[in-house]
Amino acid sequence: METIREISKPGRKGYSLPGHDIPGVDIDPKWKRKRSAELPEVSEPQIIRHFVTLSGLNHHVDKDFYPLGSCTMKYNPKINEETCRMKGFAMVHPLQPEHTVQGALQLMYELGEYLKNIVNLDAITLQPAAGAHGEFTAISMFRTYFRNKNEARQYILVPDSAHGTNPASVNFSGFKPITLPSNEHGLVDVEKLRELMTDEVAGLMLTNPNTLGLFEKSAQEVTSIVHDKGGLVYLDGANLNALLGICRPGDMGFDAVHFNLHKTFSTPHGGGGPGAGPVAVTKILSPFLPVPLIVRSDDTYTLFYDLPHSVGKVQTFYGNFLVMVRAYTFLRMIGDQGLKDISKSAILNANYIIQSLKDDYYLKYPSFCMHEGVLSGKNLRDHGIKTLDVAKRLLDFGLHAPTVYFPLIVSEALMIEPTESESIETLDRFIAVMKQIRTEAEKDPEILKTAPHDTPVRRLDEVKAIKELKVTWKT
Ligand SMILES: *Cc1c(COP(=O)(O)O)cnc(C)c1O
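All values reported here derive from a predicted model rather than from experimental measurement. (Residues numbered from 1 in each chain as written. Predicted model: local features only at pLDDT ≥ 70, side-chain atom pairs only at ≥ 80, totals over all residues. Heavy atoms only, no water.)

(A) Molecular detail of the overall build of the protein. Looking only at helices and strands, the protein has 14 helices and 12 strands in total. In terms of principal-axis extent, the alpha carbons of the protein reach across some 80 × 70 × 45 Å. A total of 475 residues make up the protein; the buried ones form 49% of that total. When the accessible surface of the protein is summed, it comes to about 24,000 Å², and 55% of that surface belongs to carbon and sulfur atoms. Taking the 52 positively charged and 56 negatively charged side chains of the protein as two groups, their mean positions are separated by 5 Å. (Helix = DSSP H or I, 4+ residues; strand = E, 2+ residues; numbered from the N terminus. Buried < 20%, exposed > 50% of the residue type's maximum accessible area, 1.4 Å probe, protein only. Areas by Shrake-Rupley, 256 points an atom, 1.4 Å probe, with all protein chains shown as cover. Lys, Arg positive; Asp, Glu negative; His and termini not counted. Charge placed at Lys NZ, Arg CZ, Asp CG, Glu CD.)

Below is the structure:
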């Protein structure tokens, strides 16, 4: 496919306007550019066709299945896009006087109330821009909480199955991570936790369901062990897709939880697009929330800054507002019963896939999973096949690959998350393709090793792409 510069022809224009009668002005030569801007010159149909073609080269959730484990790539209902394009939302300015943006403030306030209800916690900030940013915000609040109590706790426990952002957030917030090993069932080793949880430890970051897709059945025991030693417990809530409407982290004793609005609540993400990682906390942590909070009195909404122990602002203005509009729309459309249906279908879909494929691929932790499950390509090693080859071969069938090589405690991991928005036909097609690939690994391994064959680009040198990133085009 040609780049937009290659189809450019000097003098071609993408618009047509009648001449104007506005007098010209003389610009001081020192402000004038010395060379022309070298912008591509194309007609309107050319530019539209160019970008429509480009959008088709990439994989996206509107095109086909996207079972990227831990990422919750669910369908984004188009009504979300309608509401966030409404002028009253899209065109407001964050510095407008409060009385002119009451609707926007009300939306943020109500979204916060819904989210607090979903997890049963007392207070919330919508400000963080992503899950990792929510983790950082909450663990910074932990730090301020202990500083306020004159306690010099230095460590945070992080399970070995945790998302890489967890230890990173611990470091960024001024603590040091200590790894908490999983037991033979892939769950928190409670005895080990008892041993490691000392009064030098500020708390624990737990993911539930964990990144193996397994529900931490001892969550309540875990939170009390940490609390008994004066520590705090954080829930990495990126996996809320399995809990919605079924159980609430506040009831399990968590002190703080982040949401990934761009995962659980449908906003499209990937490629570093805008997200939102609100953080809900218990009463004891609420004095440390970022400012401003959105408060309501009678029917008026205001931005509240008077929080002397706040960790401060963590994002410009109030966070990624239009992501909140999408999440709010999604919640209003879904309703109470819909929330529960999301989790039930997500769990059913994941188990359907894992149970259908467990004889073809290796399943290290055989218990039933929640919204995602982790298979392994370990049994294909005899044929010289790696999980990466399976992932690349899937692309030939127009399917996105699952997350691979994570979590780290499963070798050759294939982490599959179908989400609730997929039909049984799609799940069956994915299962059939995975079975076919399994057969190919035995009968025709070369086809896997040289995959993908039918994509716009073949197998890329991923190390080189990272080390020698080139994002500009040169003649
Ligand atoms: C996605 C994810 C995160 C990080 O969220 P971002 O919005 O990508 O920063 C953290 N933990 C888990 C378990 C996740 O799946």
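(B) Main features of the pattern of salt bridges. In this structure the tally under the stated criterion is 21 salt bridges. Between lysine 392 and glutamate 462 there is a salt bridge, with its nearest N and O atoms 2.8 Å apart. With a gap of 70 residues between them, lysine 392 in helix 11 (residues 387-395) and glutamate 462 in helix 14 (residues 462-467) connect regions that are remote in the sequence. The salt bridge involving arginine 393 is made with aspartate 396; its shortest N-O contact spans 2.7 Å. Owing to a relative accessible area of 8%, arginine 393 belongs among the buried residues under this scheme. Of the residues examined, aspartate 396 reaches a relative accessible area of 13% and is grouped as buried. Connected through salt bridges with shared partners, the residues Glu81, Arg85 and Arg326 form a single ionic network. (Salt bridge = Lys/Arg side-chain N within 4 Å of Asp/Glu carboxyl O.)

(C) Focus on the side chain of histidine 269. Take histidine 269: it is sitting in the loop between helix 9 (261-264) and strand 7 (279-281). A distance of 2.8 Å separates a polar atom in the side chain of histidine 269 from the backbone oxygen of cysteine 71. Within the local environment of histidine 269, its side chain forms a polar contact with the backbone oxygen of histidine 262, the two atoms lying 3.2 Å apart. (Polar contact = N/O pair within 3.5 Å; in protein donor to acceptor, adjacent residues only side chain to side chain.)

(D) Structural context of the packing of aromatic side chains. Per the stated rule, a full pass over the model turns up 8 aromatic pairs. For the pair phenylalanine 65 and phenylalanine 430, a centre-to-centre distance of 5.1 Å together with 70 degrees between the ring planes defines the contact as edge-to-face. Taken together, the positions of phenylalanine 65 in the loop between helix 1 (44-57) and helix 2 (78-84) and phenylalanine 430 in helix 12 (residues 424-443) put the pair 365 residues apart, joining distant regions of the chain. For phenylalanine 430, a relative accessible area of 0% translates into the label buried. Connected via pairs of aromatic rings, a cluster forms that spans Tyr145, Phe146 and Phe288. (Phe/Tyr/Trp six-rings, centres within 6.5 Å; stacked < 30°, edge-to-face > 60°.)

(E) Up close: helix 4 (residues 102-119). Along its 18 residues, helix 4 runs 26 Å from first to last C-alpha, staying within 8% of the 26 Å computed at 1.5 Å per residue. Counting buried residues along helix 4, 13 of its 18 residues qualify, which places the element largely inside the surrounding structure. Just past helix 4, the residue asparagine 120 takes up positive phi, approximately 55 degrees. (Expected span 1.5 Å × (residues − 1).)

(F) Quick peek at the sheet that holds strand 7. One open sheet accounts for 7 strands, arranged 1-7-6-5-4-2-3; its pairing is mixed. Sheet topology places strand 1 (123-125) and strand 3 (176-180) at the edges, where each strand pairs with a single neighbour. Strand-to-strand, the axes of this sheet are offset by a mean angle of 25 degrees, without reference to chain direction. Summarising the sheet, strand 6 (residues 256-258) and strand 7 pair through 3 bridges and their orientation is antiparallel. Bridge pairing links valine 257 to alanine 280 in strand 7. Where helix 4 meets the sheet, it contacts strand 1, strand 6 and strand 7, and its direction lies at approximately 125 degrees from that of strand 1. The strands that helix 6 (residues 165-172) touches are strand 2 (155-159), strand 3, strand 4 (201-207) and strand 5 (232-236); relative to strand 3, the one it contacts most, it runs at about 150 degrees. (Pairing = 2+ DSSP bridges. Axes fitted to C-alpha atoms, helices over the stretch in contact; angles between N-to-C directions. Contact = heavy atoms within 4.5 Å.)

(G) Spatial organisation of the side chain of threonine 282. Mapped onto the fold, threonine 282 is located in the loop between strand 7 and strand 8 (293-297). Note on threonine 282: relative accessible area 16%, which makes it buried. Filtering out sequence-adjacent residues up to four positions away, threonine 282 remains in contact with Leu121, Asp122, Phe254 and Asp255.

(H) Structural view of unusual backbone geometry. Between valine 291 and proline 292 the backbone carries a cis peptide bond, its omega angle lying at -5 degrees. Examined against the element boundaries, proline 292 turns out to sit in the loop between strand 7 and strand 8. Note the cis peptide between alanine 451 and proline 452, where omega equals 0 degrees. Here proline 452 lies in the loop between helix 13 (445-449) and helix 14. The backbone of glutamate 38 sits at a positive phi, close to 55 degrees, despite the residue not being glycine. For glutamate 38, the position within the fold is in the segment before helix 1.

(I) Highlighting the site of the ligand. Lining the immediate environment of the ligand, one finds Ser70, Ala130, Gly131, Ala132, Glu135, His163, Thr165, Asp236, Ala238, Asn260, His262 and Lys263. Between the ligand and aspartate 236 there is a distance of 2.6 Å, counted from a nitrogen atom to a side-chain nitrogen or oxygen. Between the ligand and lysine 263, the relevant distance is 2.8 Å, taken from an oxygen atom to a side-chain nitrogen or oxygen of the residue. Put simply, the parts of the chain that give the shell around the ligand at least two residues each are helix 5 (131-148) and helix 9. The biggest single contributor to the shell around the ligand is helix 5, with 3 residues. Split by residue class, the shell around the ligand holds 3 nonpolar, 6 polar and 3 charged. (Near = heavy atom within 4 Å. Nonpolar A, V, L, I, M, F, W, Y, C, P; charged D, E, K, R; others polar.)

(J) The arrangement of the domain arrangement of the protein in detail. Taken domain by domain, the protein holds domain 1 (81-333) and domain 2 (340-465). A separation of 30 Å is found between the C-alpha centroids of domain 1 and domain 2. Between domain 1 and domain 2, the residue contacts involve 25 residues of the former and 23 residues of the latter. Carbon and sulfur atoms make up 66% of the surface buried where domain 1 meets domain 2, a total of about 1,700 Å² over both sides. By the criterion of area lost to domain 2, the three top residues of domain 1 are Thr211, Leu212 and Asn241, representing 32% of everything that side buries. Summed over the shared surface of domain 1 and domain 2, the number is 5 residue pairs in polar contact (both at pLDDT 80 or more). (Domains from an automatic or database assignment. Buried area = accessible area lost by both parts, 1.4 Å probe.)

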